[in-house]
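Read off the chains here:
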Amino acid sequence: MSSKITIYVARHGKTMMNTFDRVQGWCDSPLTKEGIDSARYLGYGLSDIEFRTVYCSDLRRTRQTARIILGAKGQEDIPIIELPGLKEACFGSFEADFNKTLWYSAALYLHYTSVDDMLKAILDKKVGYHEVLDAIKALDTTGAAEGFGQVEARTQESLKEIAENEAEYGDGNILVISHGMSILAMLLSLGGDKIFVRPLQNADICKVTYQDGKFTVESMADSSYVEKGRAMSVE
């Protein structure tokens, strides 16, 4: 039997632009104190898992998250490999605008009267994130925004590259730090859509295994590692 690779895909910690409720795709900002704390808690919560390698996007919020997690785990010597394919979706002319503007514009484009109605439809699987991101691309005035298929293709290519590279070294646990929309684009069509029941929060974990050339998404938007780490920090 071939090697089994277990990949823990985490969304980065909360950032300054997240706090200000601004659109943050290819734009970047540092982690806030809350984001640093949640990344540290995540590291504590992952303390019983030995990682062989860590991958992140080329945006600093994922690098910062990765370093904090490894510091909390006492695994600072692990290599961190940056892959541009793991970066967040580009939202074009909506970058750095208020999130409410982005989501309301997409909701209207998709014929919803409110953002809440659209988000409920997403969780009820009446509309998909691919339609939302494609709506944003259609509304973008710069031509820079990415459609869902573009983000899905590059993130899945990166995931496959990671899995195949790591499989050469035998069984192992791998940590990947990426971004909210990118993680959804990466994992929904691999089976994550069947178990996706709540929004992906900062520092949430999605667990994926790879064996015999096949990916299996085992969990989505799991906050238990952060909660475990938070409890450990006050003991």
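Our subject in this report is the structure included herewith.

Taken as a whole, the largest pocket encloses approximately 1,000 Å³ of empty space. Considering the residues around the largest pocket, the lining is formed by 40 residues, among which R11, P199, L200, Q201 and N202 are closest to the centre. For the lining of the largest pocket, the secondary-structure elements that each account for two or more residues are α2 (33-45), α4 (99-109), α5 (115-123), α8 (180-187) and α9 (224-233). No other element matches the five residues that α5 contributes to the lining of the largest pocket. Considering only residue class, the lining of the largest pocket consists of 16 nonpolar, 10 polar and 14 charged. Estimates place the volume of the second largest pocket at around 220 Å³. In this structure, the second largest pocket is lined by I122, K125, V127, G128, Y129, H130, F148, L188, S189, D193, K194 and F196.

A few words now on the sheet that holds strand β3 (residues 80-82). Taken in spatial order, the six strands line up as β3-β2-β4-β1-β5-β6 in an open sheet, and their pairing is mixed. The open sheet has two edge strands with one neighbour each: β3 and β6 (214-222). Strand-to-strand twist across the sheet, computed as the mean angle between neighbouring axes with direction ignored, equals 20 degrees. Lying over the sheet, helix α3 (residues 60-73) contacts β2 (51-56), β3 and β4 (172-178), oriented at roughly 140 degrees with respect to β4.

What follows is about unusual backbone geometry. A negative phi holds for most residues other than glycine; trans holds for most peptide bonds. Phi at K125 is positive, roughly 65 degrees, even though this residue is not glycine. Along the chain, the position of K125 falls in the loop between α5 and α6 (129-139). Not every positive phi belongs to a glycine, and A221 is a case in point at roughly 50 degrees.

In this model, α2 (13 residues) spans 18 Å end to end at C-alpha, consistent with the 18 Å of a helix rising 1.5 Å per residue. Check the buried side of α2 and you find it contacts β1 (5-11), α3, β5 (205-211) and α9.

Here we come to the packing of aromatic side chains. Taken as a whole and assessed by the stated rule, the structure comprises four aromatic pairs. Between Y8 and F51 the ring centres are 5.6 Å apart and the planes differ by 80 degrees, which places this aromatic pair in the edge-to-face class. Linking Y8 in strand β1 with F51 in strand β2, this pair joins segments that are 43 residues apart in sequence. Like F51, Y8 is buried. The interplanar angle of 45 degrees and the centroid separation of 4.7 Å between the aromatic rings of Y210 and F215 together place this pair among those described as tilted. Relative accessible area serves as the criterion here: at 9%, Y210 is assigned to the buried category. Taking the relative accessible area as the measure of exposure, F215 reaches 15% and is therefore buried.

The rules behind these values
- Per-chain numbering applies: the sequence of each chain, read as written, is numbered from 1 onward.
- Given that this is a predicted model, residues contribute local features only at a pLDDT of at least 70 and side-chain atom pairs are listed and counted only at 80 or more, while totals for whole chains, interfaces and linings are drawn from all residues.
- Calculated side-chain values reflect all of the structure's heavy atoms, with hydrogen atoms and water omitted.
- Think of a 1 Å grid over just the protein atoms. A cavity is a set of points where a 1.4 Å probe fits yet cannot get out, a pocket is an open set with protein on both sides within 12 Å along at least five of seven lines, and lining residues have an atom within 4 Å of a point.
- Grid points are joined across faces, edges and corners, and a volume is the space filled by probe spheres set on the points.
- Helix and strand labels come from DSSP, where a helix needs a run of H or I of at least four residues and a strand needs a run of E of at least two; each type is numbered from the N terminus.
- Here the term charged refers only to Asp, Glu, Lys and Arg, the term nonpolar to Ala, Val, Leu, Ile, Met, Phe, Trp, Tyr, Cys and Pro, and the term polar to all other amino acids, Gly among them.
- When DSSP finds at least two bridges between two strands, those strands are taken to pair.
- Between N-to-C directions, angles cover 0 to 180 degrees, with each direction set by a line fitted to C-alpha atoms, over the stretch in contact for helices.
- Contact between two residues is taken to exist if any of their heavy atoms lie within 4.5 Å; hydrogens are not considered.
- Helix span, as expected, comes to 1.5 Å for every residue beyond the first.
- Working definition: rings of Phe, Tyr and Trp (its six-membered ring) pair if their centres are within 6.5 Å, and the pair is stacked with planes under 30 degrees apart, edge-to-face with planes over 60 apart, and tilted otherwise.
- Note on classification: 1.4 Å probe, protein chains only; a residue is buried when its accessible area is under 20% of the maximum for its type, exposed when over 50%, partly exposed between these limits.

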